[in-house]
Amino acid sequence: MVHSKSRHDERLVEIPHFASEILGNTRSLFVYLPPDYHENTERRYAVLYMHDGQHVFSADASGESWDMHVTADRLVAEGRMEGILIVGIATVPDQRLNEYFHEHPNMHLAFKPPFDGDRYEAFVIDEVMPYINRTFRTLIGPGHTAMMGSSAGGIVTYNIGFRRPDVFGHIAVMSPYFVKADFDEEGELREIPFYHRYGTHPKLRMWLDMGGAEGTFMEKYALEEAERLVADGFVPGEDLMLYLHPGAGHSQSDWAARAHAPLLYFFGRSGEPEALEICGDEIVGVKGPDKRINPVVTYTNGFMQTIMRATYTVLDPQLLEVKPDGTLIAKSPGTTRVIVQYGGCTADKEITIVDALPERVNVTVTVKVPASTPPYPSLYAGIEVKPAGDGLYKGSAMIPHGLTFTFKVSHGFGRHERLKPDSGITRRSFVASSDQELYYEVEGWET
């Protein structure tokens, strides 16, 4: 049965208790209908399928809303995109990672089974899609069918896209969970790439992105996969779009802020290059970790992408060299400017070269919690912190230099601290630029 999500909006509908014989469970499907759906009764529409459907059009206790209906309505009203259907497939409590992870050997290096991604894939293709196609006026075929997901929803989108390009012709892989990166008991970083690479070039248009403040969801993981996709035959700017989003964290609000770009890529018009900015690292050591810059071009229709290959001019080449992929090669201490051009736009950035930068910096985090807080085994505050007595939690980690963390203190997935509305703080943030000790006080917990 189809239910209107709101008496005032017959274009947001919910299909509650949608049963799956394949998975043996039920969940809600949430469907957005384009503005002219009820008036233009002969027209059929392309479809975007999205994971974590409970957050696609509204917020709940475990996360904010992507507000995809607001974004799609705006793009259609402005003439930037054709009307589409958007289907949000809700998760089932405690089954999210099971369903979003496909079975393959690499998975066992990082997580414990079961891995039900194969069955979830069949559920989407063999149960959800036939129902949507029977119930709504849809266009059929991979050219009219897209999938989008973030984090673990990004990796299941990646897998389904490469396994079934006969069904999905467009995939948006946002902040993908490609690598399990965390810190061991000694605070040393552990990185386990657990995703399966296909090494193929199917007929598929792919959007791939990562934020610059996602902590251990590092930009380099998306960039490394983008380079591998190019080696497989994908062409940047054509069937592959990469976007490294400066300052973005790992949350629904961050994904919502850039979701318009893959919509334009799949179903709309990007426009013409309008502005260019060189983002990324501003300081590099002659000795120390690799650093790179990130040239981001924005377009007249609001689209944006990272330019994977560019020609750079360095004003003082005795100090610095910049490779076409943005890698900085420091030669001698000093300061110089880097200039890049693309699509008629020009940008420049000052880069400081020092003798050396540390590969890792030591960050210690202490969190004070309210007296009413249950005895949680650990909290997350950028890094994991554990009970230290007197209402305190504490932890230390050796973090790669320059890594940025944006977060709320949490005691589990979707279980965050409550920040004061009048504090002006919506999230915590720190940059691992040097050894440092940080202190946070939790006022209360969201309910």
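Residues numbered from 1 in each chain as written. Predicted model: local features only at pLDDT ≥ 70, side-chain atom pairs only at ≥ 80, totals over all residues. Heavy atoms only, no water.

Identification of the chain as Esterase from Paenibacillus ihbetae is taken from an unreviewed UniProt entry.

## Let's talk about the overall build of the chain
Looking only at helices and strands, the chain features 7 helices and 27 strands. Taken over the C-alpha trace, the chain has a radius of gyration of 23 Å; the compact-globule value for 447 residues is 22 Å, and the two agree within 12%. Overall, the C-alpha framework of the chain stretches about 65 × 60 × 50 Å when taken along its three principal axes. The 447 residues of the chain split such that 53% are buried. (Helix = DSSP H or I, 4+ residues; strand = E, 2+ residues; numbered from the N terminus. Rg over C-alpha atoms; globule rule 2.2 N^0.38 Å. Buried < 20%, exposed > 50% of the residue type's maximum accessible area, 1.4 Å probe, protein only.)

## Describing the packing of aromatic side chains
Per the stated rule, a full pass over the model turns up 32 aromatic pairs. When the centroid spacing of 5.6 Å and the interplanar angle of 65° are considered together, the rings of F101 and F194 count as edge-to-face. Taken together, the residues span a long stretch of sequence, with F101 in the loop between α2 (96-100) and α3 (117-135) and F194 in the loop between β9 (189-193) and β10 (205-211) at a distance of 93 residues. Centroid distance F407 to Y440: 5.7 Å. Interplanar angle 85°. Geometry classified as edge-to-face. With F407 in strand β25 (residues 404-407) and Y440 in strand β27 (residues 436-441), the pair connects residues that are 33 residues apart, well separated along the chain. (Phe/Tyr/Trp six-rings, centres within 6.5 Å; stacked < 30°, edge-to-face > 60°.)

## With respect to the sheet that holds strand β21 (residues 360-368)
Here we have 5 strands laid out as an open sheet, ordered β22-β23-β24-β21-β27, and mixed in their pairing. Both edges of this open sheet fall to β22 (379-381) and β27, since each of them pairs with a single strand only. If you compare each strand with its neighbour and ignore which way they point, the axes differ by 30° on average. (Pairing = 2+ DSSP bridges. Axes fitted to C-alpha atoms, helices over the stretch in contact; angles between N-to-C directions.)

## A short note on the nonpolar core
F168, V367 and I399 are the most contacted members of the largest nonpolar core, which totals 87 residues. The element that contributes the greatest number of residues to this core is α3, accounting for 8 residues. Excluding anything up to four places from it in sequence, I399 contacts F183, E359, R360, V361, V363, I383, F405, F430 and A432. In terms of nonpolar packing, the next biggest core, distinct from the first, is built from 57 residues, L48, F57, A261 and L319 among them. (Core = buried A, V, L, I, M, F, W, Y, C linked by side-chain atoms within 4.5 Å. Contact = heavy atoms within 4.5 Å.)

## So, α3
For α3, spanning 19 residues, the distance from its first C-alpha to its last is 25 Å, which sits close to the expected 27 Å at 1.5 Å a residue. The largest bend along α3 reaches roughly 30° and is located at V128, with the proline P130 sitting one to four residues downstream. Among the residues of α3, G117, Y120, E121, F123, V124, I125, E127, V128, M129, Y131 and I132 are the ones counted as buried. (Expected span 1.5 Å × (residues − 1). Bend = angle between axes of the 7 residues up to and from the residue.)

## Considering helix α5 (residues 219-232)
Spacing of three or four residues puts side chains on the same side of an α-helix, whose turn is 3.6 residues. Its 14 residues give α5 an end-to-end C-alpha distance of 20 Å, which sits within 8% of 20 Å, the value for a rise of 1.5 Å per residue. Taken together, the buried positions of α5 are Y221, A222, L223, E225, A226 and L229. Those residues of α5 that are buried lie in contact with α4 (152-163), β8 (179-183), β9, β10, β11 (240-245) and β14 (291-299). One or two steps after α5, the chain reaches G233, where phi turns positive at roughly 120°.

## Structural notes on the sheet that holds strand β20 (residues 345-356)
Spatially, β13-β20-β19-β16 is the arrangement adopted by the 4 strands of the open sheet, whose pairing is mixed. Sheet topology places β13 (283-287) and β16 (312-314) at the edges, where each strand pairs with a single neighbour. Between one strand axis and the next, the sheet turns through 30° on average, direction left out of account. As judged from the 4 bridges shared by β13 and β20, these two strands associate in the parallel manner. Residue pairing for β20: K287 is matched across the bridge by A356.

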